Amino acid sequence: STERITAKETDTEVRQKAVQAVGLLVARTAGSPDLLSQEDRFSAQQLILERSKNELTRLACVRAFEIIGTLATNKNDYAPGFVRSAALELGAQLQKSSRVLRGASLTALRVLAVKEPSRLSMDDKTTSALVEALIPLLRTDDLHMMGPALIVLAAFAQDKAAIVTTQPMIDGICSIITSSLSNAALDPLITCVGAIGQAGAGQGLMKALLNVGVQGDTDVTGQVIGTLLVKGGSDVGVKLDDFVKELQTQSDESKKCLALSVLGETALRMGESCPLQSDSFTSYFADDSDKVKLAAAVALGRAGAGNVKAYLPKIMDALNQGRQYLLLHSVKELLQHSDAEHEVKPYAQTLWQNIINTGQAEDNKVVSAECVGRLAIIDPASYLPQLQTFLQNPNATIRGMVIAALRYVFSETNETYDDHLRNSIIQMLATMLADSDLDNQRLSLSAFNSALHNKPNLVIPHLPELLPFAIQASIPRPELIREVQMGPFKHKVDDGLEMRKSAYETMYALLESPASRSKIDMASFYDRITAGISDEHEIKILCCLVLGKLFQIAPHESIHRGDSLAQQFRVVLAFKPKENAVKQELEKLAEQQKAVVKVAVAYTKAFVGEETRGWRDFFEWVRKDFTQLVKASEEELKSGITV
């Protein structure tokens, strides 16, 4: 393989495969000198290092660095200077234009930083250069790069915190906290800040974070400051009491919310050793500001997750005495922290009943559904059967809450949870999809969509049983269309529109995988997509997208549908707006015409010579009356932009 890598006459692809093979050999034989001598190992590493400077083999070398770093067992597995040179080479690729190369380089660098044998092989100069290379990635406009960059910095901070906590790096973290972040993006930030605090280098960062203060996202900033406060201890220059005092004396709404967020995160991380009590938070439920009330509820839940035995009984008692909306937010926050799961189980039955009882109020439905779903995730054996039973409850509100809870379960669990659902998921979906309540029907389609996306192996084999519900839900129901008086005008309101949109979204999702496509009755499916062209605006647009896929997936059926499609498209394109039509109506019509023409162009291109007479007549008319739209569509399709 080494000869293949260096030989000038070797094909590029062969050379790349050779680099991959050598990297794998070096990695797999780590710690086994009897399988590969140290001399051969070191010369192979040097060869990969040299080839990483060549553009044609660079990506293969980057991936070789990753696998070598992953399987190395100690510093002796590396040639002298190899890790430093490889790391600097990876750092140099982080600003290159190729996203694939940048992503692969960052992944490899993450391995070298996190694994101790390689991290300890880097000197201060190398670490400093890498920190400098990583700082431009501390931006929220590219979370896929930001997260791993923070993990690398966190790893370096364990041994060389002073080198990591430069002013540009601190500025980068301060810029991140001004944005709202999902948990996936927030976790690496918390890890990095925690590592800096634990290393005793958090004072400068804390000062900068406090300067950002309420200019940052309250929740993100609070969690970051709370983490640093606990991990950094006496080294960060502020104490827990400073934030308690800030909360008690501050009149500014935003500053109160930030202080509550900091205290909630601090209590979560300190656990039973935290001196704060539940009334440290519940006393702010009576605040004049709704934002402060909600911040207090979230902080109470977060604190409760750190000390379930002290907080949860008090929260449950309070649920029976009012302020249910706020307390349900506290319960949701407490249940979302996986560390608290085993401690919640003894209280789960009482909590379940409390949530079911309080969740029927309109304001409480959404948050109650999340809480119920979370309990079903924590203890599936106890609560999944109860959810299945509640789907038959005569109260439509309770059924709706359970449907939303199951949607949450489908989306928030991984494959390890599937065994709990295997025997019941199809029956539950069939029951909810047959619900008589209109809102619940729409929710059920959303839950079906979630199950299809997150639990395909459980759902797709049974699609013939479930798909007819979605097909039926896509049919307009005249009894759901009513007239309302708006001033001197009468206006039609279609209460079934949202449900039909959900049905069409589900049908669109079914085309995503070959497994689900194979279960579709294409004739009835195509009937509804064709009919959707005459439905409301959003459905027209969605059906055009579906048709673009169907031309490739079901070409024979598409050819047979030429006349009916031409008829439906002609109605859309021939529609003339009223003289007094408002701007929004005209914009919608223009969007519909553009979508229809684009689909028509795609159809003609896909089935040239196979079109029906009706289609050919229709398309000649389109080409004549919509010349500019046809040209624009042809250009888009030529450049690879699909329907």
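All of these numbers come straight from a predicted model, not from anything done at the bench. (Residues numbered from 1 in each chain as written. Predicted model: local features only at pLDDT ≥ 70, side-chain atom pairs only at ≥ 80, totals over all residues. Heavy atoms only, no water.)

**Structural notes on the overall build of the chain**
Logical step 1: Within the chain one finds 38 helices and 2 strands.
Logical step 2: Along the first, second and third principal axes, the C-alpha set of the chain runs to 80 × 75 × 50 Å.
Logical step 3: Out of the 643 residues in the chain, the part that is buried amounts to 52%.
Logical step 4: Put simply, the chain shows about 30,400 Å² of open surface, and 49% of that area lies on carbon and sulfur atoms.
Logical step 5: The centroid of the 69 positive side-chain charges in the chain is displaced by 3 Å from the centroid of its 78 negative side-chain charges. (Helix = DSSP H or I, 4+ residues; strand = E, 2+ residues; numbered from the N terminus. Buried < 20%, exposed > 50% of the residue type's maximum accessible area, 1.4 Å probe, protein only. Areas by Shrake-Rupley, 256 points an atom, 1.4 Å probe, with all protein chains shown as cover. Lys, Arg positive; Asp, Glu negative; His and termini not counted. Charge placed at Lys NZ, Arg CZ, Asp CG, Glu CD.)

**What about the domain arrangement of the chain?**
Logical step 1: Per the domain assignment, the segments of the chain are domain 1 (358–520) and domain 2 (521–639).
Logical step 2: A C-alpha centroid distance of 30 Å is found between domain 1 and domain 2.
Logical step 3: Opposite the 17 residues of domain 1 that make contact, domain 2 presents 19 residues.
Logical step 4: The largest per-residue losses of area from domain 1 upon contact with domain 2 belong to Tyr 504, Leu 511 and Ile 520, which jointly make up 40% of the total buried on that side. (Domains from an automatic or database assignment. Contact = heavy atoms within 4.5 Å. Buried area = accessible area lost by both parts, 1.4 Å probe.)

**A short note on the pattern of salt bridges**
Logical step 1: Applying the stated criterion to the full structure yields 31 salt bridges.
Logical step 2: Note that Arg 500 is salt-bridged to Asp 494, the shortest N-O span being 2.8 Å. Take Arg 500 and Asp 494: they sit in the same class, and that class is buried.
Logical step 3: Residue Arg 623 pairs with Glu 634 through a salt bridge whose shortest N-O separation is 3.3 Å. With Arg 623 in helix α37 (residues 613–625) and Glu 634 in helix α38 (residues 627–638), this pair connects stretches of sequence that are 11 residues apart.
Logical step 4: Taking the relative accessible area as the measure of exposure, Arg 623 reaches 41% and is therefore partly exposed.
Logical step 5: Given the relative accessible area of 30%, Glu 634 is considered partly exposed. (Salt bridge = Lys/Arg side-chain N within 4 Å of Asp/Glu carboxyl O.)

**Looking at the environment of His 556**
Logical step 1: Residue position: His 556 is located in helix α34 (residues 555–560).
Logical step 2: Exposure remark for His 556: the relative accessible area of 62% places this residue in the exposed category.
Logical step 3: Put simply, His 556 and Glu 610 are 54 residues apart on the chain and 9.9 Å apart in space, counted from C-alpha to C-alpha.

**Overview of the nonpolar core**
Inside soluble globular proteins, nonpolar side chains tend to come together where they are buried.
Logical step 1: Among the nonpolar cores identified, the biggest contains 213 residues, and Leu 134, Leu 189, Phe 525 and Leu 547 are the most heavily contacted of them.
Logical step 2: Element by element, the count of residues in this core is highest for helix α9 (residues 143–164), at 11 residues.
Logical step 3: Residues in contact with Leu 189, not counting those within four places in the same chain, are Leu 150, Ile 173, Ile 176, Ile 177, Leu 181, Val 220 and Val 224. (Core = buried A, V, L, I, M, F, W, Y, C linked by side-chain atoms within 4.5 Å.)

**A look at the environment of Asn 395**
Logical step 1: Looking at the secondary structure, you find Asn 395 in the loop between α23 (380–390) and α24 (396–412).
Logical step 2: Put simply, Asn 395 and Gln 360 are 35 residues apart on the chain and 9.2 Å apart in space, counted from C-alpha to C-alpha.
Logical step 3: Polar contacts involving the side chain of Asn 395 include one to the side chain of Gln 360, which spans 3.0 Å. (Polar contact = N/O pair within 3.5 Å; in protein donor to acceptor, adjacent residues only side chain to side chain.)

**Comments concerning the state of the cysteines**
Logical step 1: What the rule picks out here adds up to 0 disulfides.
Logical step 2: Free cysteine Cys 192: the closest other cysteine sulfur is in Cys 174, separated by 12 Å.
Logical step 3: With no disulfide partner, Cys 544 has as its closest neighbouring cysteine sulfur the one in Cys 543, 7.3 Å distant.
Logical step 4: A residue is classified by how much of its surface remains accessible, and Cys 544, at 4% relative accessible area, is buried. (Disulfide = S-S within 2.5 Å.)

**Observations regarding helix α11 (residues 183–198)**
Logical step 1: In this model α11 runs 21 Å from its N-terminal to its C-terminal C-alpha over 16 residues, within 8% of the 22 Å that 1.5 Å per residue would give.
Logical step 2: Among the residues making up α11, those that are buried are Ala 185, Leu 186, Pro 188, Leu 189, Ile 190, Cys 192, Val 193, Gly 194, Ala 195, Ile 196 and Gly 197.
Logical step 3: In the stretch just after α11, Gly 200 is the one whose phi turns positive, near 80°. (Expected span 1.5 Å × (residues − 1).)

**Quick notes on the pairing of strand β1 (residues 481–486)**
Logical step 1: Counted residue by residue, β1 has 0 buried out of 6 residues, so it is predominantly exposed.
Logical step 2: Sheet topology note: the β1/strand β2 (residues 489–494) ladder contains 6 bridges and is antiparallel. Looking at the pairing, Val 484 lines up with His 491 of β2. (Pairing = 2+ DSSP bridges.)

**Some points on the packing of aromatic side chains**
Logical step 1: Under the criterion given, the structure shown has 13 aromatic pairs.
Logical step 2: Aromatic pair Phe 65 and Phe 82: ring centres 5.7 Å apart, planes at 70°, arrangement edge-to-face. Taken together, the positions of Phe 65 in helix α4 (residues 58–71) and Phe 82 in helix α5 (residues 82–92) put the pair 17 residues apart, joining distant regions of the chain.
Logical step 3: Seen from their ring centres, Phe 551 and Tyr 603 are 5.2 Å apart, and the 80° between their planes marks the pair as edge-to-face. Separated by 52 residues along the polypeptide, Phe 551 in helix α33 (residues 537–553) and Tyr 603 in helix α36 (residues 583–606) bring together distant segments of the chain. Both residues of the pair, Phe 551 and Tyr 603, belong to the buried class.
Logical step 4: Members of the aromatic cluster, each reached through a chain of ring pairs, are Phe 551, Phe 569, Tyr 603, Phe 607, Trp 615, Phe 618, Trp 621 and Phe 626.
Logical step 5: The residue whose ring lies beneath Arg 570 is Trp 621, and the NZ or CZ to ring-centre distance is 4.8 Å. (Phe/Tyr/Trp six-rings, centres within 6.5 Å; stacked < 30°, edge-to-face > 60°. Lys NZ or Arg CZ within 6 Å of the ring centre and 35° of its normal.)

**Overview of the side chain of Ser 444**
Logical step 1: One can find Ser 444 in helix α27 (residues 438–454).
Logical step 2: Dropping the residues within four chain positions of it, Ser 444 is found in contact with Ile 403, Met 432 and Leu 433.

**Some remarks on the packing of helix α12 (residues 203–212) against helix α13 (residues 218–232)**
Logical step 1: Look at α12 against α13: their axes get within 11 Å of each other, and the N-to-C directions meet at 150°. Considering their axes alone, α12 and α13 lie roughly antiparallel with respect to each other. In the crossing of α12 with α13, the sense of the turn from one axis to the other is left-handed. Seen from α12, the contacting residues are Leu 205, Met 206, Leu 209 and Leu 210; seen from α13, they are Val 224, Ile 225, Leu 228 and Leu 229.
Logical step 2: For the contact of α12 with α13, a count of residues per class yields 8 nonpolar, no polar and no charged. (Axes fitted to C-alpha atoms, helices over the stretch in contact; angles between N-to-C directions. Parallel < 35°, antiparallel > 145°, perpendicular 65-115°, else oblique. Left-handed = near helix turned anticlockwise from the far one by under 90°. Nonpolar A, V, L, I, M, F, W, Y, C, P; charged D, E, K, R; others polar.)

**Some details on the side chain of Gln 593**
Logical step 1: Tracing the chain through its elements places Gln 593 in helix α36.
Logical step 2: Judged by its relative accessible area of 15%, Gln 593 is buried.
Logical step 3: Ignoring anything within four residues of it in the chain, the contact list for Gln 593 reads Val 572, Leu 573, Phe 575, Phe 626 and Leu 629.

**Focus on α24**
Logical step 1: Compared with the 24 Å implied by 1.5 Å per residue over 17 residues, the 24 Å span of α24 between its first and last C-alpha is a close match.
Logical step 2: Where burial is concerned, most of α24 is hidden: 12 out of the 17 residues are buried.
Logical step 3: Regarding α24, the residues found buried are Ile 398, Arg 399, Gly 400, Met 401, Val 402, Ile 403, Ala 404, Ala 405, Leu 406, Tyr 408, Val 409 and Phe 410.
Logical step 4: Of the residues that open α24, the one with a side-chain oxygen 2.8 Å from the backbone nitrogen of Thr 397 is Asn 395.

**Some words on the packing of helix α14 (residues 240–249) against helix α15 (residues 253–270)**
Axis angle and axis distance: for two packed helices, these are the angle between their axes and the distance between the axes, and together they describe the pair.
Logical step 1: In the contact formed by α14 and α15, the axes pass within 9 Å of each other and the chain directions differ by 145°. Crossing of α14 against α15: the hand is left-handed. Where α14 abuts α15, its residues Leu 240, Phe 243, Val 244, Glu 246 and Leu 247 lie against Lys 255, Lys 256, Ala 259, Leu 260, Val 262, Leu 263, Thr 266 and Met 270.
Logical step 2: Looking at the contact of α14 with α15, its residues break down into 9 nonpolar, 1 polar and 3 charged.

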